[in-house]
Amino acid sequence: MSRAMQRVEAEMAVSVSDLKKNPTAIVDGARGSAVAILNHNRVMAYMVPAETYEAIIDALDDQALVEIAKTRAGEKGVPVRLEEL
């Protein structure tokens, strides 16, 4: 049975066994980029620096807020007095 080629979305790829041997060297060698983690020559995970992961989460949150704003763009406002809040 043949498997389809799998895309690797990282410039650096390492095996699980290499990662276990020296994770610090892998992180240092990646220089802030993502690392594909391979198990039997198949990508099983990606490892990214904490700052990159946090930036991705922030971007996804921003995208979700943009979608909410778009859905509410046609809504009409309701006047409210400050004393009523």
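Quick summary incoming for the structure in this document. Computed from a prediction, not measured in an experiment: that's the story for all the values here. (Residues numbered from 1 in each chain as written. Predicted model: local features only at pLDDT ≥ 70, side-chain atom pairs only at ≥ 80, totals over all residues. Heavy atoms only, no water.)

1. A few points about a nonpolar patch on the surface
Among the surface-exposed residues, Val-8, Tyr-46, Val-48, Tyr-53, Ile-56, Ile-57 and Leu-60 lie close enough to one another that they form a single nonpolar patch of about 590 Å² accessible area. By residue number, the principal contributor to the nonpolar patch is helix H3 (residues 50-72), which donates four residues. Structurally, the position occupied by Ile-57 is in helix H3. (Patch = residues over 30% accessible without salt bridge, like charges linked within 9 Å, V, L, I, M, F, W, Y side chains within 5 Å. Areas by Shrake-Rupley, 256 points an atom, 1.4 Å probe, with all protein chains shown as cover. Salt bridge = Lys/Arg side-chain N within 4 Å of Asp/Glu carboxyl O. Helix = DSSP H or I, 4+ residues; strand = E, 2+ residues; numbered from the N terminus.)

2. Concerning the sheet that holds strand E3 (residues 42-47)
On the basis of which strands lie adjacent, the open sheet formed by three strands has the order E1-E2-E3 and mixed pairing. Each of the sheet's edge strands pairs with one partner strand only, and the pair in question is strand E1 (12-15) and E3. Strand-to-strand twist across the sheet, computed as the mean angle between neighbouring axes with direction ignored, equals 35°. Each of E1, strand E2 (35-39) and E3 touches helix H2 (residues 23-30); the most contacted strand, E1, lies at about 170° to it. (Pairing = 2+ DSSP bridges. Axes fitted to C-alpha atoms, helices over the stretch in contact; angles between N-to-C directions. Contact = heavy atoms within 4.5 Å.)

3. Quick look at the pairing of E3
Pairing between E2 and E3: five bridges, direction antiparallel. Across the sheet, Val-35 pairs through a bridge with Met-47, a residue of E3.

4. Here we look at the nonpolar core
Core analysis: the largest hydrophobic core is formed by six residues, namely Val-14, Leu-19, Ile-26, Ala-30, Val-35 and Ile-37. For this core, the elements supplying multiple residues, two or more each, are H2 and E2. With residues near it in sequence (within four places) discarded, Ile-26 still touches Met-12, Val-14, Asp-18, Leu-19, Val-35 and Met-47. (Core = buried A, V, L, I, M, F, W, Y, C linked by side-chain atoms within 4.5 Å. Buried < 20%, exposed > 50% of the residue type's maximum accessible area, 1.4 Å probe, protein only.)

5. A look at the pattern of salt bridges
Scanning all chains against the criterion turns up four salt bridges. Between Glu-9 and Arg-7 there is a salt bridge; the shortest N-O distance is 2.6 Å. Lys-21 is paired through a salt bridge with Asp-18; the nearest N and O atoms lie 3.7 Å apart. Remark: Asp-18 and Lys-21 occur in helix H1 (residues 16-21); sequence separation between them is three residues, near one turn of the helix.

6. Quick notes on the environment of Glu-51
Note on placement: Glu-51 falls in helix H3. On the basis of relative accessibility, which here comes to 68%, the residue Glu-51 falls in the exposed class. Distance in space between the C-alpha atoms of Glu-51 and Val-78 is 41 Å, their sequence separation being 27 residues.

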